[in-house]
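Secondary and tertiary structure notes
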Amino acid sequence: MACILHIETSTDVCSVALSEDGAVLFSKEDFDGPQHAVTLGVFIDEVLSMADSHAKPIDAVAISCGPGSYTGLRIGASMAKGICYGRDLPLIALPTLKVMSVPVLLMDELPEDALLCPMIDARRMEVYAAIYDRALNPVKEVSADIVTTDSYTEYLEQHPVYFFGNGAAKCKEVITHPNARFVDGIQPLARWMFPLADRQFLDGTFQDVAYFEPFYLKEFVATVAKNKVF
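Read on for a plain summary of the structure. (Residues numbered from 1 in each chain as written. Predicted model: local features only at pLDDT ≥ 70, side-chain atom pairs only at ≥ 80, totals over all residues. Heavy atoms only, no water.)

Looking at the packing of aromatic side chains
Within this structure, the stated rule accounts for 5 aromatic pairs. Taken together, a centroid distance of 4.5 Å and an interplanar angle of 55° make the contact between Tyr-70 and Tyr-216 tilted. Separated by 146 residues along the polypeptide, Tyr-70 in helix H2 (residues 70–87) and Tyr-216 in the loop between helix H5 (194–203) and helix H6 (218–226) bring together distant segments of the chain. We classify Tyr-70 as partly exposed; its relative accessible area is 36%. Ring plane angle 70° and centroid distance 5.8 Å describe the contact between Phe-201 and Phe-206, whose orientation is recorded as edge-to-face. On the basis of relative accessibility, which here comes to 34%, the residue Phe-206 falls in the partly exposed class. An aromatic cluster is present here, built from Tyr-152, Phe-163 and Phe-182 joined pairwise through their rings. (Phe/Tyr/Trp six-rings, centres within 6.5 Å; stacked < 30°, edge-to-face > 60°. Helix = DSSP H or I, 4+ residues; strand = E, 2+ residues; numbered from the N terminus. Buried < 20%, exposed > 50% of the residue type's maximum accessible area, 1.4 Å probe, protein only.)

What follows is the structure, given as structure tokens:
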């Protein structure tokens, strides 16, 4: 299996990881951000030095591609592209909301019919969200949602729905359906990226390094403003 360098900068947290054969070999995280411009370069130096000193040839770079912070994603994408160009490596792009879902899937008590709803905070009662089944197949595609008491009712009537991410906390008092479950402490981290990255590497699903652009949260603002929902 491939040795992959993972970069996650979509929120205030900055993290990198190195995985091989389905296991994390190196992981570094900074929760004191946002200071990606300072921290990411240091972390990358550490992980590349570790890989080179242990004779671990890196086969690909995986980037968490959003939705998320414009500045954080831009810094992460620039770093990933630089490494890909410098080392002639393919680039893998992973949806941030799917990355957030990986630790929730590892929960022992997760029911078979559970749906997962990762949320990234935008502003006021707006979030970027998607809904996935346990195989991470999209039940509801990524969208910019304004959360109300009626949000996601069609899913909550049929399944337990697990809400998590930095956008979920503000929804607890609004989404009160008995099938709503809230999981605290879930953030997109590089160490959760490897199962998704391994799958894409084996499938040969790579990005064009020259033209790759992340999914910035500014696109949410433009969409909401266009629809005049403020």
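Some details on unusual backbone geometry
With omega at 10°, the peptide bond leading from Gly-66 into Pro-67 counts as cis. Inspection of the secondary structure puts Pro-67 in the loop between strand S4 (60–64) and H2. Positive phi, close to 55°, is recorded for Ala-55, a residue that is not glycine. In this structure, Ala-55 sits in the loop between helix H1 (36–53) and S4. Not every positive phi belongs to a glycine, and Leu-136 is a case in point at roughly 60°. The residue Leu-136 is located in the loop between strand S7 (126–132) and strand S8 (138–146) in this model.

Thoughts on H5
When H5 is considered as a whole, its buried residues turn out to be Phe-194, Leu-196, Ala-197, Asp-198 and Gln-200. Contacts made by the buried residues of H5 are with strand S1 (3–8), strand S2 (14–20), strand S3 (23–30), S4, strand S5 (91–94) and helix H3 (96–105). Of the residues flanking the end of H5, it is Gly-204, one or two places downstream, whose phi is positive at about 75°. (Contact = heavy atoms within 4.5 Å.)

Focus on the environment of Lys-81
Relative to the helices and strands, Lys-81 resides in helix H2. Not counting residues up to four positions away in its chain, the partners in contact with Lys-81 are Val-209, Ala-210, Phe-212 and Glu-213.

Notes on the sheet that holds S3
Where strands meet in a sheet, backbone hydrogen bonds hold them as pairs that are either parallel or antiparallel. Taken together, 5 strands build an open sheet; the order of strands is S3-S2-S1-S4-S5 and the sheet is mixed. The sheet is open, and its two edges are formed by S3 and S5, each paired on a single side. Averaged over neighbouring strand pairs, the angle between their axes works out to 15° when direction is ignored. Taken together, the 6 bridges between S1 and S2 define a ladder with antiparallel strand orientation. (Pairing = 2+ DSSP bridges. Axes fitted to C-alpha atoms, helices over the stretch in contact; angles between N-to-C directions.)

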